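# Secondary and tertiary structure notes
Below are the chains, spelled out letter by letter.
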Amino acid sequence: MALRLAEANDAEIVNADALQVYLDLRVLSARPSPEDEARAPHHLFGVADAAEGWTVGRWLRAALPILGDIQARGRPAILVGGTGLYFRALTQGLADIPGVPAAVQREIDARFDTGGEAAFREQLRVADPVAEARIAANDRQRLTRALAVAEATGRPLSAWQADTRPALPADGWRGVVLDPPRESLHARCDARLELMMDQGAVEEAAALTARGLEDRLPAMKAVGLRELAAYARGETSRAEALAAAQAATRQYAKRQTTWFRNQAPDWPRVNATETDEQRRELAPALTASDSRAI
């Protein structure tokens, strides 16, 4: 859909997916193919090494000048991807949170490992009840991040996040969520994993894990990476690895759907299985000549 909109509106495409920024993950992150990239200008795809831990803030600092350049050329920008926090940073703002010392983060991580999630949540509930209430179960990364910020800065993460302003003007963008039926979505996820394995995903996973990078890095958390790397090492069969990666992908798709339902409830929904004719009819409704971003 991004390509269709770009071609219909002389627009440029900007990546808003946390894993598609990494050069090492073309297949596993389903980055646009060279043929697709030739159809319209693309930005922020495959620009980072897996050893670089890109954050929302780093992406935003990279994206804003690009959006400004696109606007200066008099063209719309189409931001496309599945990382909801990137869209929230653009449309609601991003807190300027001081960095957490590595020693503090290690101590917080050890506390989680020792006591488990339930006990850790009790600690976070005292330090930052707002953050604790809104962080989903089993989201260790955000739980430990929230407590680390509170203890390192003396201020709750939720307070930092409340002190923000949008990066884009409210009248300068329009949003849309692709929301196919669950059965169709799951079937397409399963089919794509099979195609990825045929296109080199196993070799890509093996090459990345062979680098010995820290597990905490975002690139090392790519969905399917762990399962396909285990197959590459001979620890599981191809069928078992495929089934496990498919299951992980479906679970991620469910979490993603839930996130956009809760965080962007007023964005229009598009059934991704609609016909090309229906999509063409939709395109003008999604664009506006004075919009900085779509």
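Residues numbered from 1 in each chain as written. Predicted model: local features only at pLDDT ≥ 70, side-chain atom pairs only at ≥ 80, totals over all residues. Heavy atoms only, no water.

## Observations regarding unusual backbone geometry
One non-glycine residue with positive phi stands out, namely Ala 30, at about 55°. If you trace the backbone, Ala 30 turns up in the loop between β1 (12-15) and α2 (34-37). One non-glycine residue, Asn 138, lies in positive phi territory at about 70°. (Helix = DSSP H or I, 4+ residues; strand = E, 2+ residues; numbered from the N terminus.)

## Some remarks on helix α1 (residues 2-9)
Taken as a whole, α1 has its buried residues at Ala 2, Leu 3, Leu 5 and Ala 6. Down the axis of α1, the sector holding all buried residues measures 165°, keeping them to one side. Note on α1: the residue one or two positions beyond its end, Asp 10, has a positive phi of about 50°. (Buried < 20%, exposed > 50% of the residue type's maximum accessible area, 1.4 Å probe, protein only. Arc of directions from axis to C-beta.)

## Some thoughts on the packing of aromatic side chains
Counted according to the given criterion, the structure contains six aromatic pairs. Taking the centre distance of 6.5 Å and the plane angle of 65° together, the rings of Phe 87 and Phe 260 count as edge-to-face. Pair noted here: Phe 87 is in helix α4 (residues 84-92) and Phe 260 is in helix α12 (residues 238-263), with a separation of 173 residues, a long-range link. Of the two residues, Phe 87 and Phe 260, both sit in the buried class. A connected cluster of aromatic rings, assembled from ring pairs, spans Phe 87, Trp 173, Trp 259, Phe 260 and Trp 267. The ring of Trp 160 is capped by Arg 155, whose NZ or CZ atom sits 4.5 Å from the centre of that ring. (Phe/Tyr/Trp six-rings, centres within 6.5 Å; stacked < 30°, edge-to-face > 60°. Lys NZ or Arg CZ within 6 Å of the ring centre and 35° of its normal.)

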